[in-house]
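# Secondary and tertiary structure notes
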Amino acid sequence: MTDCIFCKILNKEIPSKFVYEDDCCFAINDINPKAKKHILVIPKEHIESLNQITDFELVKNLFIAIRNITKQENITDFKTQINTGKNAGQEVMHLHIHILAN
Ligand code: AMP
Ligand code: ZN
């Protein structure tokens, strides 16, 4: 998607450091962290939100990524958050999962 900030990060049009990457997704530190560690797990495929998921294998792979990332970052206790839709606070219309740990 041309006008999507996360697609631009994936395509290196906007510089950002990946803290994790696999076949299905990548992860970056949130630019405006709301916890000591605030990581965004982002599928490589542009999917607008939870409401647009059709391949639920993706959901499994995102949860595997969360496990890998939290292990890598030595996080045992954390919150996850998925905002779906503008009225629920979704600002970037490319599916992502927040990992928040203090
Ligand atoms: P949401 O409100 O669920 O759509 O969350 C979008 C998140 O993306 C917010 O927490 C922003 O701080 C974060 N964000 C926006 N632009 C960037 C960026 N360039 N790099 C890292 N995080 C970003
Ligand atoms: Zn996108």
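Below: a short report on this structure. (Residues numbered from 1 in each chain as written. Chains lettered and ligands numbered in written order. Predicted model: local features only at pLDDT ≥ 70, side-chain atom pairs only at ≥ 80, totals over all residues. Heavy atoms only, no water.)

### Some thoughts on the overall build of the chain
Of regular secondary structure, the chain possesses two helices and five strands. In sequence order, the chain lays out its α and β elements as α-β-β-β-α-β-β. Against the globule reference of 13 Å for 102 residues, the chain gives a C-alpha radius of gyration of 13 Å, in line with a compact fold. Across its three principal directions, the C-alpha atoms of the chain cover 35 × 30 × 30 Å. Counting the 102 residues in the chain, one finds 40% classified as buried. In the chain, once contacts between residues fewer than 6 apart in sequence are set aside, the share between residues at least 24 apart is 52%. Total accessible area on the chain stands at roughly 6,500 Å², and carbon and sulfur atoms take up 49% of it. Separation between the mean location of the 12 positive side-chain charges and that of the 13 negative ones in the chain comes to 8 Å. (Helix = DSSP H or I, 4+ residues; strand = E, 2+ residues; numbered from the N terminus. Rg over C-alpha atoms; globule rule 2.2 N^0.38 Å. Buried < 20%, exposed > 50% of the residue type's maximum accessible area, 1.4 Å probe, protein only. Contact = heavy atoms within 4.5 Å. Areas by Shrake-Rupley, 256 points an atom, 1.4 Å probe, with all protein chains shown as cover. Lys, Arg positive; Asp, Glu negative; His and termini not counted. Charge placed at Lys NZ, Arg CZ, Asp CG, Glu CD.)

### So, the coordination of the zinc ion (ligand 2)
Only Cys4 (SG), Cys7 (SG), His46 (ND1) and His94 (ND1) from the protein coordinate the zinc ion (ligand 2), and they sit 2.0 to 2.3 Å from it. Seen from the zinc ion (ligand 2), its four donor atoms lie at angles of 103 to 117°, and the figure they make is tetrahedral. Mapping the donors of the zinc ion (ligand 2) onto the primary sequence yields the spacing C-x2-C-x38-H-x47-H. Highlighted residues: Cys7 in helix α1 (residues 5-10) and His94 in the loop between β4 (79-81) and β5 (97-101), separated in sequence by 87 residues. Comparing Cys7 with His94, the two get one shared label, buried. (Donors = N, O, S within 2.8 Å, 3.2 Å for Na, K, Ca; no water. Tetrahedral: all angles 85-135°; square planar, octahedral: opposite > 155°, others 65-115°.)

### Re the site of ligand 1
Close to ligand 1 lie 17 residues; Asp30, Gly89, Glu91, His96 and His98 are nearest. One of the backbone N or O atoms of Ile31 is found 3.1 Å from a nitrogen atom in ligand 1. Protein contacts shield 88% of the accessible area of ligand 1, which totals 500 Å² for the unbound molecule. Only α1 and β2 (25-29) provide two or more residues apiece to the shell around ligand 1. (Near = heavy atom within 4 Å. Polar contact = N/O pair within 3.5 Å; in protein donor to acceptor, adjacent residues only side chain to side chain.)

### Some words on the nonpolar core
Within the largest apolar cluster, 17 residues are counted, with the highest numbers of intra-cluster contacts made by Tyr20, Cys25, Val41, Leu62 and Ile69. Of all elements in the fold, only β1 (18-21), β2, β3 (37-43), α2 (57-72) and β5 reach the threshold of two or more residues within this core. Ranked by the residues each element gives to this core, the list is headed by α2, at five residues. Contact partners of Ile69, with chain neighbours within four places excluded, come to Tyr20, Ala27, Ile39, Val41 and Ile99. In terms of nonpolar packing, the next biggest core, distinct from the first, is built from ten residues, Cys7, Phe26, Ile28 and Ile42 among them. (Core = buried A, V, L, I, M, F, W, Y, C linked by side-chain atoms within 4.5 Å.)

Function cannot be read off these values alone, since they describe shape.
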